[in-house]
Amino acid sequence: KTYVGRPEGDWDRRDAMTLLGLGLAEAKRHDEALSVREAELSLRRRLGDSEHNILVVQSNLATTYQELGRLEEALLMQRDVYSGRLELSGEENEQTLIAANNCALSLNGLQRFEEAKTLLHETMPVARRVLGDNDRLTLKMSWNYATALYMDDGATVDDLREAVT
């Protein structure tokens, strides 16, 4: 823990916490990454860090929750990130669209397909307009939308047709 001896408000300490959390996650040591990321979020909130930085840490924390199988907590955090991005940057911002896609991915993982379809139905046209039809994120959103369509037990023939077009 390279950051422990530094003053709480020191930028190097915050950066070290971020890097440690990323490294632990990359090494698949998610339990340890969780405690670092929770401490980092607490520290950044306490010190009044920028909303952007807090949203980045929350997004990383949501990923850790997902890796640990804590899907409901991941979804709650993803929703907070999406809401924060909307407020901070607006709906046409790429980071906002990434947050929307992450929410939809979490919803699909929890088999909450109707909610995922609704969210993606609202955000995919924005992604197409802002990023283009062939952008990687636009394509990921389309993939997640198709997944929500065909995985839903209540999918109609029209839903299945839409999922493959």
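Note: the structure precedes this text.
This structure is a prediction, so every number in the text was calculated from the model and none was measured.

1. What to know about the packing of helix α4 (residues 71-89) against helix α5 (residues 94-109)
The description of two helices packed together rests on the angle between their axes and the distance between the axes. It is the contact of α4 with α5, at a shortest axis distance of 8 Å, that shows an interaxial angle of 160°. Overall, the two elements α4 and α5 adopt an arrangement that is roughly antiparallel. In the packing of α4 onto α5, the handedness of the crossing is left-handed. Every residue of α5 that contacts α4 at L71, L75, Q78, R79, V81, Y82, R85, L86 and S89 is listed here: Q95, T96, A99, A100, N102, C103, S106, L107 and G109. When its residues are assigned to classes, the contact of α4 with α5 shows nine nonpolar, seven polar and two charged.

2. Looking at the packing of α5 against helix α7 (residues 136-151)
Contact geometry of α5 with α7 gives a least axis separation of 10 Å together with a crossing angle of 25°. Comparing the axis directions of α5 and α7 gives the class roughly parallel. Here the hand of the crossing between α5 and α7 comes out left-handed. On α7, the residues touching E94, L97, I98, N101, L105 and N108 of α5 are L137, K140, M141, N144, T147 and A148. Grouping the constituent residues of the contact of α5 with α7 by class yields six nonpolar, four polar and two charged.

3. Thoughts on the layout of surface pockets
The space that makes up the largest pocket amounts to roughly 200 Å³. Residue lining of the largest pocket: H121, M124, R128, S142, Y145, A146, L149, E162, A163 and T165, and that is the complete set. For the lining of the largest pocket, the secondary-structure elements that each account for two or more residues are α6 (113-131), α7 and α8 (157-163).

4. Some words on the pattern of salt bridges
Close approach of charged atoms allows side chains of opposite charge to pair. One pass over the structure, following the stated rule, counts twelve salt bridges. Across the pair E32 and R29 runs a salt bridge whose closest N-O atoms are separated by 2.7 Å. The shortest N-O distance in the salt bridge between E92 and R129 comes to 2.7 Å. Placement of E92 in the loop between α4 and α5 and of R129 in helix α6 is noted, with a sequence separation of 37 residues between them.

5. Section: the nonpolar core
In terms of nonpolar packing, the biggest core is built from 23 residues, with Y82, L97, L119, L120 and M141 touching the most fellow members. Looking at this core, the elements with two or more residues in it are α4, α5, α6 and α7. No other element matches α6, which puts seven residues into this core. Setting aside its immediate chain neighbours within four residues, M141 contacts L97, N101, L120, T123, M124 and A127. Membership of the second largest hydrophobic core comes to nine residues, among which are V57, L61, A74 and M77.

6. Let's talk about the environment of L68
Tracing the chain through its elements places L68 in the loop between α3 (51-67) and α4. When the C-alpha atoms of L68 and V126 are compared, they prove to be 32 Å apart, with 58 residues separating the residues in sequence.

7. Notes on the environment of N144
Inspection of the secondary structure assignment puts N144 in helix α7. Each C-alpha atom of the pair N144 and E115 lies 12 Å from the other, and the pair is 29 residues apart in sequence. Apart from residues no more than four positions distant in its own chain, N144 is found in contact with N101, L105, N108 and L120.

8. Side note on helix α2 (residues 30-46)
For an α-helix the count is 3.6 residues per turn, leaving residues at separations of three or four pointing the same way. Between the first and last C-alpha of α2 there are 24 Å, a value that for 17 residues agrees with the 24 Å anticipated at 1.5 Å per step. All of the buried residues along α2 are H30, A33, L34, V36, R37, E40, L41, L43 and R44. G48, located one to two residues past α2, shows a positive phi value of around 70°.

Calculation rules
Residues numbered from 1 in each chain as written. Predicted model: local features only at pLDDT ≥ 70, side-chain atom pairs only at ≥ 80, totals over all residues. Heavy atoms only, no water. Axes fitted to C-alpha atoms, helices over the stretch in contact; angles between N-to-C directions. Helix = DSSP H or I, 4+ residues; strand = E, 2+ residues; numbered from the N terminus. Parallel < 35°, antiparallel > 145°, perpendicular 65-115°, else oblique. Left-handed = near helix turned anticlockwise from the far one by under 90°. Contact = heavy atoms within 4.5 Å. Nonpolar A, V, L, I, M, F, W, Y, C, P; charged D, E, K, R; others polar. 1 Å grid on protein atoms, 1.4 Å probe; cavity = no way out; pocket = protein on both sides within 12 Å on 5 of 7 lines; lining within 4 Å. Points joined across faces, edges and corners; volume = space filled by probe spheres on them. Salt bridge = Lys/Arg side-chain N within 4 Å of Asp/Glu carboxyl O. Core = buried A, V, L, I, M, F, W, Y, C linked by side-chain atoms within 4.5 Å. Buried < 20%, exposed > 50% of the residue type's maximum accessible area, 1.4 Å probe, protein only. Expected span 1.5 Å × (residues − 1).

All we've got here are geometric facts, nothing functional implied.
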